[in-house]
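Reading the structure
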Amino acid sequence: MTDFSIFETPAFAVDEVLLKRNLEILSQIQKGTGAKILLALKGFAMYSAAPLVMQYLSGTCASSPHEARLGREEFGGEVHSFAAAYSDSDFDELLTLSDHIVLNSMSQYEHFKDRIAAHSDRIKFGLRINPEHRETEVEIYDPCAPFSRLGITRKNFPDTLPPHITGLHFHTLCEKNSDSLERTIDAAEKKFGELFHQCSWVNFGGGHHITREDYDLGLLSDLIIYFKNKYNVDIFLEPGEAVALNTGFMVSTVLDVINNNKKIAILDTSAAAHMPDVIEMPYRPYIIGSEEADVLPHTYRLGGLTCLAGDIIGEYSFKEPLKTGDRLVFTDMAHYSMVKTNTFNGIKLPDIYYFNSETGKIIHRKSFGYSDFKGRLS
Ligand SMILES: *Cc1c(COP(=O)(O)O)cnc(C)c1O
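Residues numbered from 1 in each chain as written. Predicted model: local features only at pLDDT ≥ 70, side-chain atom pairs only at ≥ 80, totals over all residues. Heavy atoms only, no water.

**Points about the pairing of strand β6 (residues 124-128)**
Taken residue by residue, a regular strand's side chains alternate between the two faces of the sheet. Rules: Each residue gets one of three labels from its accessible area relative to the maximum for its type: buried under 20%, exposed over 50%, partly exposed in between, using a 1.4 Å probe on protein chains only. Each helix is a run of H or I in the DSSP string that is no shorter than four residues. Each strand is a run of E no shorter than two, and both are numbered from the N terminus. Crossovers are described as right-handed under a simple rule: with the strands pointing away from the observer, the path leading from the first strand over the helix to the second runs clockwise. Pairing between strands is defined by DSSP: at least two bridges between the two strands are required.
Summarising burial for β6: 4 of the 5 residues are buried, a large majority. Once the chain exits strand β5 (residues 100-103) it traverses helix α5 (residues 106-119) before rejoining the sheet at β6, and the crossover so formed is right-handed. Inspection of the sheet shows β6 paired to strand β7 (residues 165-169) by 4 bridges, in the parallel sense. When the sheet's bridge partners are listed, Arg128 is paired in β7 with His169.

Pasting the structure below:
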């Protein structure tokens, strides 16, 4: 059991033992199916883990020139880029950084087609399709929701792949098991089947919760092999969350305990600044040793140290009363948190630790200061 009292707080702490366990599962899928799996940097971009990640995966996928550069410089392997739209300057930069570039509309294709033709010997270009098949309940995470701006629907897609387009990309899932992929493939084939026959590669996007305990790995493998053989294509998957799922912690300290018809503990972290998905998604992160409100004897509302009234993490109960100086450890904080922090209120960004729960080795990777706050302002 890791001793979290030795970390400076607030801090993200990622365990390489847990990360390796996820990477081994992903690697098993790669080996068993011949598909290539890329880390979506959008979800997890801790580049100190890059040497470990790249022992297992084939590269990264990027949503911007900055992510593509991080993938190229720190991770290696292949870099695949996609954005809802590219500016001229972003596209030119991505041409120097990417192995694959996926465009989101026919108008973007038309706009960039000369540059695509000029670089098609070295870069593979693809188009993102929208199979219009919904699997994701939360609308802001559903690229197939009505009026979605993500992907080209069949109605707007030509009957043959345009010149120099060699593959198609779809991304429609969020935290889904492989049965969702099965139904998505079925819907995509009904609409785009003829076009898949013209492809040399197809990218199944992210949102595959491959490293979750109840994930059906056998079905995923069967689907990849089926698709690969039917259309004679290379398959890519680009999960973010599945790479870092359950591998990291947010270690925080109780700063104060107050009472306003409820007991409230204020922490040295913040939902708004350090784990914005708690508010955006929204969800309730788990804290080691806690239960839902009123299950254990002492219930608290936990809040952040910012002045935002809604900077509330949730209500939790504990065996012992909370007091100033106590450590609270949030689990599953590696993905979509470190990449989403901000310096709202000028509060300090969390330190970053990389540790090994088997050997006890701890590397304090980074602490942040005034210059990180000031550097984003002018
Ligand atoms: C968000 C996203 C991913 C990664 O999604 P996860 O849910 O983290 O697996 C991959 N590809 C695209 C295009 C995305 O938008």
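**Re the site of the ligand**
Operational definition: Any residue with a heavy atom lying within 4 Å of a molecule or strand is counted as near it. Nitrogen and oxygen atoms within 3.5 Å of one another constitute a polar contact, given that in protein one can donate a hydrogen and the other can accept it, and given that sequence-neighbouring residues count only through two side-chain atoms. Using a 1.4 Å probe, the Shrake-Rupley method yields the accessible areas, and only the shown protein chains count as cover for residues. In this classification, Asp, Glu, Lys and Arg are treated as charged, Ala, Val, Leu, Ile, Met, Phe, Trp, Tyr, Cys and Pro as nonpolar, and every other residue, Gly included, as polar.
Neighbouring the ligand are the residues Ala40, Lys42, Arg128, His169, His171, Gly206, Gly207, Glu238, Pro239, Gly240, Glu241 and Tyr336. One of the side-chain nitrogen or oxygen atoms of Lys42 is found 2.8 Å away from an oxygen atom of the ligand. A distance of 2.8 Å separates an oxygen atom of the ligand from a polar atom in the backbone of Gly207. Contact with the protein chains removes 88% of the 380 Å² of surface that the ligand exposes when unbound. Of the residues that constitute the shell around the ligand, the class distribution is 3 nonpolar, 5 polar and 4 charged.

**Overview of the domain arrangement of the chain**
Where the parts come together, the accessible area they lose is often given as the size of the interface. Counted only if it meets this: Each domain's extent is set by a domain assignment, obtained either automatically or from a database. Any pair of residues with heavy atoms lying within 4.5 Å of one another is described as a contacting pair. Here the quantity called buried area is the accessible surface, traced with a 1.4 Å probe, that two parts lose on coming together, added over both. The working definition used for a salt bridge is a side-chain nitrogen of Lys or Arg within 4 Å of a carboxyl oxygen of Asp or Glu.
For the chain, the assigned domains are domain 1 (4-13 + 248-333 + 341-374) and domain 2 (34-244). Inter-centroid distance (C-alpha atoms) of domain 1 to domain 2 is 34 Å. Taken residue by residue, the interface counts 9 residues in domain 1 and 10 residues in domain 2. Both faces considered, domain 1 and domain 2 share a buried interface measuring about 720 Å² in area, 54% of it formed by carbon and sulfur atoms. Contact with domain 2 buries surface across domain 1, with Met281, Tyr354 and Arg365 losing the most and accounting together for 66% of the total. Across the domain 1-domain 2 interface, the total number found is 0 salt bridges. Run the count over domain 1 and domain 2 and you get 2 residue pairs in polar contact (both at pLDDT 80 or more). Broken down by secondary-structure element, the contributors of at least two residues to the side of domain 1 that touches domain 2 are α10 (277-280), β16 (351-355) and β17 (362-366).

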